[in-house]
Amino acid sequence: MTLDRPDGSEGAGRFIIEGDQQKARQITSEALSSGVAAKDFLDRELIPAMDVVGARFKDGDMFLPEVLLAARAMKAAMSVLQPELSRVSAQARGKVVIGTVEGDVHDIGKSIVISMLEGAGFEVIDLGTNVTAETFICQITEHQPHVLCMSALLTTTMPAMKEVIRRLKENQLREKVKVIIGGAPVTESFASEIDSDAYAEDAGATVTICKRLLSRPE
Amino acid sequence: MSSVCPKISVLTEEQIEQVHAYTLNLLANTGIRVESKQARDIFCQASGCSSDGDKVFIHAEMVKQALISAPSSIEIFDRCGELAFRLDSNNPKTHFGIGVTNLWYQHPDTDEISPFSRKHMEISVRLGQALNNCDLVSTPGVIQDIACDRAEVYGTLEMMANTIKPLVLLVSNRHQFKDCLDLLERLHGDLAARPFIIPYFNPVTPLVLNSETSEKMLLTINQGLPFIYSSYGMSGATAPITAAGTLVMLNAELLAGLVFAQLIKEGTPVILGNLPAVFEMKSMISAYTPQTMLLNLACAEMMAHYHIPHSGTSGSGSGWGPDLLAAGTLWMNHLTSCLGKVGLAPFVGGNFDSLVFSPTTVIYSNEIIRQARLFSQGFMLDDTCVGLDEIQCIGAGGSFLMSEQTLSLYREIHKQHSQIWPGLCLEKWQAESSPQAIDLLRHHAHKVLSDLRAPDDHDELIEKGEAILKVTIS
């Protein structure tokens, strides 16, 4: 993909991919000042750039810190667009609630997932670590996300994911939210066994799956 | 008479002092996060400690006191009460074990992967019992065919019943941990008198003493057992990307754990060490690299300096099975461990970042350990061993095949050759249809696994243990 605009000027996408948050913010501001619609700018420059980042990472052409820098630059650009997007009721790609389940305090994997989801244009509500089933239910009721992501690093905390899904069903919320689970000991078969919608093997896969689960037929 | 003793040394005395100074700085100024109020209270009641919310700042004097009160050597017994080995920080020797907490089992003949079952636990532990160079057994897997809320207790029962060697116990759930200790005590009696159980705990890197760990430490210390306190850091992710930064930060975590243990009970025997992995920035997996092995040795030297017994990494994790990838890491780990000051290398046998237990890898590793130990023994250098008279007697162009020294030593020297692979010259290798080394290893593994035996009291322990669990775990 070309990173610059048809007129040869530098697009924000280039700076997103390069992880230059100052430039990304500056060019986004300039675009808004010159009358470009926020939603158009998001769709034409920012999201395609993060798609490139996701694809390059998946292919082993980018390192994780570079992806996180790109996500930070995307966030900087989004902070410029957000007031305008809110004004015209433009939506993010989707809303995701995420947390590490009860009994588990590991969060580095979850933090990477959050960065990549935000970088890909999702709104993410992070519930933190050691999140009880009760808290998941309350937060899902309040925020009504499209996707719930749960993470566990310990085999002994994996059953907590099952409990959350049980409580979602009990509260008639299961049909309203897609559930993705992940973490070192989690497997595809466990995801299927507890009736989640998908298993994500890593942060990049989480973004891909979120996009897939939220894609609507044309 | 002199002995040639090969050694590896990573840090100078000056560098050890430097690492210690950085560590004290971190503990006093950055501090550690202590999640449990009970644990924070234990820290804060001691003089030389300050806190801010859940942050605890540990000052140099507390560290000094902890280093003075912790034992410099720990005797580890087998289940029958015989001394198995002594972990002596003043004279460190490496003891190896198989492990650890794998979720999958790799079939020794086919490399097929299946969920780690109770039967796999039985096989793995018996394998640890059978291998001469395996000194202990460390929870080889997490049993998947028993419900999660009781799998660790049944795993502990299988470990106890299938070996008499010392056991390193990894139980992540705090409730099951207590159930495991209760079960072991009911089956064995006083666990503290001649300890053969060594629980294993981690803080959460970076710099967090989590509630689960502090609670399990309290339970263990009050029961009078020694334990391993080990940091697992991934350089570049949960630890600084530089070797130096990782060494200092993980060292700070270890000393914080030591201080906590000594505050609970002075003189508590603690074994410290770390698993310094590196975070691979493209695949997002943790990996064991040359930096890992360097830091493993550096940590062991820090512990020797502190006079604290050490437990390090075991080279398991990088392979896809009993393959070239695993072999390289295992060789680097086992040889450097034996040449350095490493105390325990307890987790041999895992593949795919300690997710898959491979008996064949363990059997190959047993052979590597044997050879690494032979290497580290060095050789004697004296008049008798050089044998100038014999060389003079045989002289130029002669043969030593029938010399006095050859005849007295050839059987001993032969033990240095591989016990898995025969020595084949090119012609013979071709004549035998060019056998692959992996196939001969599998054949050897098959034979070892076919000959596995349970200890005499196995059936009795299983029956008694299951009866206890039937009542205690509803």
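Residues numbered from 1 in each chain as written. Chains lettered and ligands numbered in written order. Predicted model: local features only at pLDDT ≥ 70, side-chain atom pairs only at ≥ 80, totals over all residues.

A. Geometry of the overall build of chain B. A count of helical and extended segments in chain B gives 17 helices and 20 strands. Relative to its length of 474 residues, chain B is compact, with a C-alpha radius of gyration of 24 Å against a globular reference of 23 Å. Once the C-alpha set of chain B is aligned to its principal axes, its extents read approximately 80 × 55 × 50 Å. Counting over 474 residues, chain B shows a buried share of 47%. Here the contacts in chain B between residues at least 6 apart in sequence split such that 75% fall between residues at least 24 apart. (Helix = DSSP H or I, 4+ residues; strand = E, 2+ residues; numbered from the N terminus. Rg over C-alpha atoms; globule rule 2.2 N^0.38 Å. Buried ≥ 20, exposed ≤ 12 C-beta atoms within 10 Å, placed from the backbone. Contact = placed C-beta atoms within 7 Å.)

B. Here's a closer look at the sheet that holds strand S5 (residues 198-199) of chain A. All names here are of chain A. Overall, parallel pairing links the five strands, which are arranged S2-S1-S3-S4-S5 in an open sheet. On the outer flanks of this sheet lie strand S2 (123-126) and S5, each paired with one strand and no other. Here strand S3 (residues 147-151) runs beside strand S4 (residues 178-182); their pairing, made up of five bridges, is parallel. Looking across to S4, one finds that serine 151 is bridged to glycine 182. Against the sheet, helix H5 (residues 108-119) touches strand S1 (95-100), S2 and S3, its axis set at about 170° to S1. (Pairing = 2+ DSSP bridges. Axes fitted to C-alpha atoms, helices over the stretch in contact; angles between N-to-C directions.)

C. The sheet that holds strand S4 (residues 55-58) of chain B, seen in detail. Spatially, four strands are ordered S3-S4-S2-S13 (chain B) in an open sheet, and the strand pairing comes out mixed. Each having just a single partner strand, strand S3 (49-52) and strand S13 (208-209) of chain B make up the two edges of the open sheet.

D. Up close: the domain arrangement of chain A. All names here are of chain A. You can read the domains of chain A as domain 1 (12-87) and domain 2 (95-214). A C-alpha centroid distance of 25 Å is found between domain 1 and domain 2. With twelve residues of domain 1 at the interface, the matching set in domain 2 holds eight residues. Taken together, the residues of the side of domain 1 that touches domain 2 break down into nine nonpolar, one polar and two charged. (Domains from an automatic or database assignment. Nonpolar A, V, L, I, M, F, W, Y, C, P; charged D, E, K, R; others polar.)

E. Representation of the pairing of strand S7 (residues 95-98) of chain B in the model. All names here are of chain B. The alternating pattern of S7 places His95 and Gly97 on one face and Phe96 and Ile98 on the opposite face, and all of these are buried. Bridge count for S7 against strand S17 (residues 344-348) is three bridges, and the pairing is parallel. Along S17, the bridge assignment pairs phenylalanine 96 with alanine 345. Across two bridges, S7 lies against strand S10 (residues 136-138) in parallel orientation. Looking at the pairing, isoleucine 98 lines up with valine 137 of S10.

F. Local environment of the packing of helix H6 (residues 133-143) of chain A against helix H7 (residues 158-170) of chain A. Residue and element names in this part refer to chain A. Where H6 meets H7, the axes come as close as 9 Å, and the angle between the chain directions of the two elements is 40°. With respect to each other, H6 and H7 are oriented oblique. Crossing geometry of H6 relative to H7 is assigned as right-handed. Two secondary-structure elements touch here, H6 through Ala133, Phe136 and Ile137 and H7 through Ala160, Glu163, Val164 and Arg167. Residue classes in the contact of H6 with H7 are distributed as five nonpolar, no polar and two charged. (Parallel < 35°, antiparallel > 145°, perpendicular 65-115°, else oblique. Left-handed = near helix turned anticlockwise from the far one by under 90°.)

G. The arrangement of the packing of helix H11 (residues 359-377) of chain B against helix H16 (residues 437-450) of chain B in detail. All names here are of chain B. Axis separation between H11 and H16 bottoms out at 10 Å; the angle between their running directions is 100°. It follows from the interaxial angle that H11 and H16 lie roughly perpendicular. Listed contacts from H16 to Pro359, Thr360, Ile363 and Tyr364 of H11 are Leu441, Arg442, His444, Ala445, Val448 and Leu449.

H. Inspection of the confidence of the model for chain B at higher detail. Averaged over all residues, the pLDDT of chain B equals 95, while 100% of them reach at least 70. Interface confidence for the predicted complex, expressed as ipTM, amounts to 0.80; the pTM equals 0.90. (pLDDT = per-residue confidence, 0-100.)

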